[in-house]
Amino acid sequence: MKDTKTESAASFDVNDYLRQDRMPHFLCPGCGHGIALRALLWAVHEQGIPKDRLAVVSGIGCSGRLSAYIDANTFHTTHGRPLTFATGLKLARPDLHVIVITGDGDCLAIGGNHLIHACRRNLDITCVMLNNEIYGMTGGQVSPMTAEGRFTTTTPEGNTEPNFDACALAAAAGASFVGREVTAQVLALKTLLGQAIAHEGFSFVEVLSDCTEIYGRKNDLGASPEMMLAKKSAMRPYAYRNTVDVPFRPNALRTGVLTRTDRPEYGAAWRAMAARIRNEEH
Amino acid sequence: MEIRFSGSGGQGLLLSARILAAALTEAGLTVAQSNAYEPVSRGGLSRSDLVIGEGEADYPLARRLDVLLILDEAAATVSTGLLTPASLVLCDAERVTTPPRGPFRTLCLPFTETARTLGNPRVTNIVALGALTAQASICPPEQLLAAIVAQTPARFERLNREAFAAGLAMGETEPA
Amino acid sequence: MTAPSLAAAPPALTGRRNLEGNEACALGAIRAGCRFFAGYPITPSSEVAETMARELPKVGGTFIQMEDEIASMGAVIGASMGGVTAMTATSGPGFSLKQENLGYACGAEIPCVIVNVMRGGPSTGMPTRPAQGDILQARWGTHGDHAVIVLAPASVGEAYSETIRAVELSETLRVPVVVLLDEVIGHLTETVDLGAVPETPGIARPFATGPREGFLPYAETADLVPPMPRPGDGYRSHCTGLTHGPDGFPTQNPAVAAAALTRTTDKLVLHRARIESWREQATEDADLLIVAIGISARAARQAVKDLRAEGLKVGLFRPVTLWPFPETPLREAVAAAGTRKVLVPEMNQGQLVLEVERVLAGRAEVAGLSRIDGETLTPDEIAGAAREALK
């Protein structure tokens, strides 16, 4: 088992999955989105998904631009709505593997309604939310994931709003697979994304990404390595739940697979019902 | 020809109009049906209009009613502006307390009472349809009966047949 | 799992039937090959969704009621991007909510049909009462310059046949098509001879074929309609709402941006003959010409007959394709008859009249006739205004 993993890891070359003619990419130095993209494509590779059958749907924002770099069927849609496009695409084309790349503003602010209904419906889509706690593309405004007290261009005296626990939200709305990981743990992130893709039903993965150029500078969080390590040490890997007692980082967010339930996948349920109707007709 | 079924919501007016429209279409005529009702499913003013002709109506909405059926006091006055001296107004004798009067013919007939006697006031609309068929002579009764049977639940077939026959007899005894 | 096989053909609809306008839209779409519908409940268009929910499973199609109007428009575009013919239906408030995604479909050239059954507005307005207040929203509702086709049926028969045409135009030209009904036509039941609607020749979207290497998803072809890459066919192209060049990727190169944007509008000019549709009644010698759509046009049709019976030379010009407006046919009708006056009855405060004024530009005296109280314009009202104008 271990050998297989090493072997497939060795055979993964991210360049096989990138549109070389779109390079160089537009991400800022130190941005965590590049790490997330690499982990995602690695997971796609390990899952053996042919590029022709892969559809990547993204929204608007820094995260939204990633789809253009992927050598697959890619759709860069409207702000907050990638899950709606993906829902139509997956229902119309169940033969495609549909992955949504979205950001914390795209997914939880303007697209919040679509997220909770996608979780409830349980259509076989993988939703990867890159949470960098800020609207980067528009110059650094507060997002629903910005921590209290943080400085952004629209919270010049510090953010006074609480933020979401996106994974708890997704789980409460019925997502049958929920997970969270930091960019500092790229192997764990790759594994988690692979599990999400393999999961039959709606899967939601929050990637704690890093906006060093805007958020980091505005809040004196240091350069990319400092931000990544700070986030890593603030997490409480879910795997520790049975071995480490509660006092261990009591307020830390958990990483890893947080929710995994077995629920009927929506597309299959719809097709079964439609087939029954057609049989009754004849 | 223009026919209006009016009354209050829940009296089966839209269904009556749909049944008549189906019978007329079967007979080769072209029908336009428009409905209006208040946003409550029971009670409130409700009406359904049929504009009947040889081909597609120029204007598909009622302008001058040839026949106006009123099954409830709620609809007693709303259609008066569409009546002409050639109009025939059929009112339920029990539920319409102030039937429209004017230079047109008004008949008040016991639709509700007859339906109750047959055992179910819900077939009042079918009794009225029978009387309307006899008075307006727009469609052979057997064609209309076939449409009733086709468009209503099978368990009501016997009751509907009785109701239609009673309405037909009621309409035929009045001078046309 | 394989790519969708859409072999399951709908049972042929033939013969005379009493159909409601909204139902006719749904059945027309299915006949034309629509196999995906996403919608959200809204008066007075819900019957389109209800008919689709009942009928689509029978033909191997998919129906979904989404969480809101925006989502249903997104899902329709998503399905269409997957290569499946898709439609949604709504009314004024929902149509407004769909506009951003509709703009995406315009920009990315994704075929889709949007039925808008107009009700009284603005805002929640009079949900069960008819109006024609979305004539300009249908043309200019989304932001930015864009090309869109709007068809305006005036009968249940046309709700059926024009929805078929909407699918055909949308699929073959890769442009969103709006079917604009008013509440009266949407809820009217009329006897329709479905057998009389001719079989539409080849409603087929141009899908990309040929070499994958160097494929340009938005190449400028002779007919200005670039063949669409279907996911799974090996093209692995990019689709974006950002202004893009022939390769499908964002550009801010002024020459490339201008060429790309111009092509989507030029496309409709090039295919104008196929898109344009209008009807004329007694126009040949009309002193006064009425221009109207939907239920107002049906009232005008009766008014023309009544006025002709009085010896007044009145005719009706009815745009069936509302946008792009059939401007040359209207100018020609006015010129041929030597028409002096034009009357534009509409259930709003004057929208269609603006376009008629623009098109005629002084060739005839143009006046509007408005009604905005939730009631329809009647033949008598239109005849009265026409008599007054001819005095």
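Because the structure is a prediction, the values reported are computed rather than measured.

Thoughts on the interface of chain A and chain C
- Contact residues are listed per partner, giving 40 residues for chain A and 42 residues for chain C.
- With both sides pooled, the region where chain A packs onto chain C buries about 3600 Å², and carbon together with sulfur makes up 60% of that total.
- On the chain A side of the contact with chain C, Phe85, Arg93 and Trp270 of chain A bury the most area, a combined 17% of that side's loss.
- A salt bridge links Asp71 of chain A to Arg236 of chain C; the nearest nitrogen and oxygen atoms lie 2.9 Å apart.
- Counting across the interface, chain A meets chain C through 20 residue pairs in polar contact (both at pLDDT 80 or more).
- Put simply, the parts of the chain that give the side of chain A that touches chain C at least two residues each are strand 2 (73–76), helix 3 (82–92), helix 5 (112–121) and helix 10 (266–281) of chain A.
- Class assignment for the residues of the side of chain A that touches chain C results in 13 nonpolar, 13 polar and 14 charged.

Examining the sheet that holds strand 10 (residues 253–260) of chain A
- Ordered by their spatial adjacency, nine strands build an open sheet running 9(A)-10(A)-7(A)-8(A)-4(A)-3(A)-1(A)-2(A)-10(C), and the pairing between neighbours is mixed. One side of each edge strand has no neighbouring strand; the edge strands of this open sheet are strand 9 (235–237) of chain A together with strand 10 (238–240) of chain C. Between one strand and the next, the sheet's axes are offset by a mean angle of 20°, whatever the strand orientation.
- Looking at chain direction, strand 9 of chain A and strand 10 of chain A are connected through three bridges and run parallel. Bridge assignment links Pro237 of chain A to a residue of strand 10 of chain A, and that residue is Thr255 of chain A.

Structural notes on the layout of surface pockets
All names here are of chain C.
- Reported here for the second largest pocket is a volume of approximately 620 Å³.
- Taken together, 32 residues form the lining of the second largest pocket, with Gly103, Gly107, Gly241, Leu242 and Thr243 sitting closest to its centre.
- Mapped onto the lining of the second largest pocket, the elements with two or more residues apiece are helix 4 (92–108) and helix 8 (254–270).

A few points about the pattern of salt bridges
- What the rule picks out here adds up to 47 salt bridges over all chains.
- In this structure, Arg165 of chain C engages Glu162 of chain C in a salt bridge whose closest nitrogen and oxygen atoms are separated by 3.0 Å. Taken together, the residues Arg165 of chain C and Glu162 of chain C, both in helix 6 (residues 156–173) and three residues apart, mark about one turn of the helix.
- Residue Glu327 of chain C is joined to Arg331 of chain C by a salt bridge in which the shortest nitrogen-to-oxygen separation is 3.7 Å. You can see Glu327 of chain C and its partner Arg331 of chain C sitting in helix 11 (residues 327–337), four residues apart, about one turn around the helix.
- It is possible to trace a salt-bridge network through shared partners that takes in Lys51, Asp52 and Asp71 of chain A together with Arg236 of chain C.

As for the nonpolar core
- Counting 83 residues, the largest nonpolar core has Phe202 and Phe204 of chain A together with Phe36, Leu330, Val342 and Val356 of chain C as its most contacted members.
- Examining the composition of this core, we find that seven residues originate from one element, helix 3 (residues 69–81) of chain C, more than from any other.

Brief notes about empty space enclosed by the protein
- Counted by the stated rule, this structure contains five cavities of 30 Å³ or more.
- Considered as a void within the structure, the largest cavity measures approximately 150 Å³ in volume.
- Lining the largest cavity are 15 residues, and of these Phe75 of chain A together with Pro229, Ser237, His238 and Cys239 of chain C sit closest to its centre.
- Sorting the residues of the lining of the largest cavity by element identifies strand 2 of chain A together with strand 10 of chain C as the ones contributing at least two each.
- The dominant element in the lining of the largest cavity, judged by the number of residues it contributes, is strand 2 of chain A, at three residues.
- Residues belonging to the lining of the largest cavity are distributed by class as follows: nine nonpolar, four polar and two charged.

Side note on the environment of Pro237 of chain A
- By the secondary structure assignment, Pro237 of chain A is in strand 9.
- Through-space distance from the C-alpha of Pro237 of chain A to that of Ala147 of chain A is 20 Å; in sequence the pair is 90 residues apart.

Points about the environment of Glu23 of chain C
All names here are of chain C.
- Checked against the element boundaries, Glu23 lands in helix 1 (residues 21–31).
- The class of Glu23 is buried, set by a relative accessible area of 19%.
- For the pair Glu23 and Leu188, spaced 165 residues apart in sequence, the C-alpha to C-alpha distance is 9.9 Å.
- In this structure, Glu23 is in contact with Thr51 and Arg54, ignoring residues within four places of it in sequence.

A few points about the interface of chain B and chain C
- Each partner contributes residues to the interface: chain B has 18 residues there, and chain C has 21 residues.
- Buried surface at the junction of chain B and chain C, summed over both partners, amounts to about 1700 Å²; 41% is from carbon and sulfur atoms.
- Taken as a group, Asp58, Tyr59 and Arg63 of chain B account for 38% of the area that chain B buries against chain C, more than any other trio of residues on that side.
- Where chain B meets chain C, there are six salt bridges.
- Listing elements by their share of the side of chain B that touches chain C, those giving two or more residues are helix 1 (13–26) and strand 2 (30–37) of chain B.
- Judged from the two bridges that link them, strand 2 of chain B and strand 9 (residues 189–193) of chain C form a sheet pairing that is antiparallel. Opposite Ala32 of chain B, over in strand 9 of chain C, you have Glu190 of chain C as the bridge partner.

About the cut-offs
Residues numbered from 1 in each chain as written. Chains lettered and ligands numbered in written order. Predicted model: local features only at pLDDT ≥ 70, side-chain atom pairs only at ≥ 80, totals over all residues. Heavy atoms only, no water. Contact = heavy atoms within 4.5 Å. Buried area = accessible area lost by both parts, 1.4 Å probe. Salt bridge = Lys/Arg side-chain N within 4 Å of Asp/Glu carboxyl O. Polar contact = N/O pair within 3.5 Å; in protein donor to acceptor, adjacent residues only side chain to side chain. Helix = DSSP H or I, 4+ residues; strand = E, 2+ residues; numbered from the N terminus. Nonpolar A, V, L, I, M, F, W, Y, C, P; charged D, E, K, R; others polar. Pairing = 2+ DSSP bridges. Axes fitted to C-alpha atoms, helices over the stretch in contact; angles between N-to-C directions. 1 Å grid on protein atoms, 1.4 Å probe; cavity = no way out; pocket = protein on both sides within 12 Å on 5 of 7 lines; lining within 4 Å. Points joined across faces, edges and corners; volume = space filled by probe spheres on them. Core = buried A, V, L, I, M, F, W, Y, C linked by side-chain atoms within 4.5 Å. Buried < 20%, exposed > 50% of the residue type's maximum accessible area, 1.4 Å probe, protein only.

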